[in-house]
Amino acid sequence: MKHSATSSDPAAQPPAARATWPLPEPTLTYFPNARFALSDRDLDAGAAPRLPGGPAVSDSGEHGHVPVLMDRCVELLTPALTRTAPDGSGAVLVDATLGAAGHAERFLTEFPALRLIGLDRDPNALAIATARLARFGDRVTLVRTRYDGIAAALTEAGRAPTGSVDGILFDLGVSSMQLDETGRGFSYAQDAPLDMRMDPDAPLTAAEILNTYDRAALTDILRRFGEEKFAHRIAGLIVEQRSRAPLSSTAELVEIIYRGIPAPARRTGGHPAKRTFQALRIAVNAELESLSAALPAALAALRPGGRLVVMAYQSLEDRIVKTAFAAATASRTPEGLPVVLPGHEPEFGALTRGAERADAEEIDRNPRSAPVRLRAVERLGAASRERGGNG
């Protein structure tokens, strides 16, 4: 297995943070982890059930992650990966969001001659993936980078940044593995430092945003990235609280969120903290900016007949994917002409009708698949154009 700019030792887990003031009993009802006892409501946060005094319990295997829509991803990408041979000879797959390598392991097992390039910014994830994929030897190249670094990663792996790969997979958002690492601060069901960095070496943390951004900037983040209706009110309470002492733990933040959201609103729409935590995570990791830059690079990297599959988990991500795919599959003939001009045909064809969702059986097996929206496109060559890009 080849590595580039990777770390093989998982970072040590930081000690659990605790709120610096007593939390009121109503807050503990919504955010029970302040006393380290989870309720069913916390499953929305991605937390595994926790035994008193013991570690988190997960039924998702030793890697703590159940890959979403695995069979559908294989079905969509197989035609692109087996054009030369059924075993994947000569084909290259990029897993742009490697995580715990569940999808990657399935593809490498299913296609014993396939080569895979895995990208992830998280050294903990890369360490897990390194161990999990070690048996595949030099068929695997891992690169520590964000997915908008896909062109540079291909170059490092000895590939051209354009027209050089057969399949690309994006599984967006925070991974189950990261949610379950209590010291990372991603989950509002776990009391932890206000970190939220997918790359632990990145400079910006949630604590810095909460303790240094003014009320207007905080409101903008919560409203734009979390679609939080009470953003201005929550931001005001954050500024008020930090004037007495800097915020340092997720328990402190969830107590503020509880006070900032009116009681009737707290009883609807899922966990009251989910929008604020989503917004901060997106801001800390520049997720939407990275995705907007990554998709054009991924489309350019495909060979004719190559396929790109993207799974998004919230509307802001899916909107970016939908817009990029709509542009890629549109005719380049000037508007108003009655026929498509030669050489102006669409470069890509849609493989899905709108966004596909997980069915009831998958959601029952893996609740974290409930919000997924899957979209896929194929780069068209002459043969693909004749059949309309359908696979």
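Going by the structure above, here's the rest.
An account of the accompanying structure is given in this report. (Residues numbered from 1 in each chain as written. Predicted model: local features only at pLDDT ≥ 70, side-chain atom pairs only at ≥ 80, totals over all residues. Heavy atoms only, no water.)

1. Section: the packing of aromatic side chains
With the rule as written, the count across this model stands at 3 aromatic pairs. With 5.5 Å between their ring centres and 70° between their planes, Tyr-147 and Phe-170 make a pair best called edge-to-face. Placement of the pair is Tyr-147 in the loop between strand E4 (140-144) and helix H5 (150-156) and Phe-170 in strand E5 (residues 165-171), with a sequence separation of 23 residues. You'll find Tyr-147 and Phe-170 in the same group, each marked buried. A cation sits over an aromatic face here: Arg-266 above Tyr-258, 3.8 Å from the ring centre. (Phe/Tyr/Trp six-rings, centres within 6.5 Å; stacked < 30°, edge-to-face > 60°. Helix = DSSP H or I, 4+ residues; strand = E, 2+ residues; numbered from the N terminus. Buried < 20%, exposed > 50% of the residue type's maximum accessible area, 1.4 Å probe, protein only. Lys NZ or Arg CZ within 6 Å of the ring centre and 35° of its normal.)

2. Comments concerning the pattern of salt bridges
A full pass over the atoms with the stated rule returns 23 salt bridges. Between Asp-166 and Arg-83 there is a salt bridge whose closest N-O contact spans 2.5 Å. Note that Asp-166 is positioned in strand E5 and Arg-83 in the loop between helix H2 (70-81) and strand E2 (92-95), a separation of 83 residues in sequence. The exposure class assigned to Asp-166 is buried, which follows from its relative accessible area of 4%. Between Glu-227 and Arg-319 there is a salt bridge, with its nearest N and O atoms 3.8 Å apart. On the criterion of sequence distance, the pair formed by Glu-227 in the loop between helix H8 (215-226) and helix H9 (231-242) and Arg-319 in helix H14 (residues 315-328) is long-range, its members being 92 residues apart. Residue Glu-227 is classed as partly exposed on the basis of its relative accessible area of 41%. (Salt bridge = Lys/Arg side-chain N within 4 Å of Asp/Glu carboxyl O.)

3. Things to note about the environment of Phe-136
Within the element layout of this structure, Phe-136 appears in the loop between helix H4 (123-132) and E4. Setting aside chain neighbours within four positions, we find Phe-136 in contact with Glu-105, Leu-108 and Thr-109. (Contact = heavy atoms within 4.5 Å.)

4. A look at the pairing of strand E8 (residues 373-379)
Counting buried positions over the 7 residues of E8 gives 6, a clear majority of the element. With 6 bridges joining them, strand E6 (residues 302-312) and E8 adopt antiparallel strand pairing. Looking at E8, one finds that Leu-308 is bridged to Val-377. As judged from the 3 bridges shared by strand E7 (residues 348-350) and E8, these two strands associate in the antiparallel manner. Bridged to Phe-348 within E8 is Arg-379. (Pairing = 2+ DSSP bridges.)

5. As for unusual backbone geometry
In this structure, Leu-69 is a non-glycine residue whose phi angle is positive, near 50°. Inspection of the secondary structure puts Leu-69 in the loop between helix H1 (25-30) and H2. With a phi angle near 70°, Met-196 is a residue other than glycine that sits in the positive phi range. Here Met-196 shows up in the loop between helix H6 (176-180) and helix H7 (206-212). For Met-196, a relative accessible area of 0% puts it in the buried group.

6. Describing the pairing of strand E3 (residues 115-120)
With 5 of 6 residues buried, E3 lies mostly within the body of the structure. Each parallel crossover has a hand, and the one from E2 via helix H3 (residues 102-110) to E3 is right-handed. Here E3 pairs with E4 via 5 bridges, running parallel. What sits directly across from Leu-116, in E4, is Val-140. Taken together, E3, H4 and E4 form a β-α-β motif whose crossover is right-handed. (Right-handed = clockwise from strand over helix to strand, strands pointing away.)

7. Some points on the packing of H2 against H3
As a packed pair, H2 and H3 sit with axes 11 Å apart at the nearest point and diverge in direction by 45°. Compared by their axis directions, H2 and H3 come out oblique. Helix-helix and strand crossings are classified by hand; for H2 and H3 the assignment is right-handed. Across the interface between the two elements, Met-70, Asp-71, Cys-73, Val-74, Leu-77 and Leu-81 from H2 touch Gly-102, His-103, Arg-106, Phe-107 and Glu-110 from H3. Per-class residue counts for the contact of H2 with H3 are 6 nonpolar, 2 polar and 3 charged. (Axes fitted to C-alpha atoms, helices over the stretch in contact; angles between N-to-C directions. Parallel < 35°, antiparallel > 145°, perpendicular 65-115°, else oblique. Left-handed = near helix turned anticlockwise from the far one by under 90°. Nonpolar A, V, L, I, M, F, W, Y, C, P; charged D, E, K, R; others polar.)

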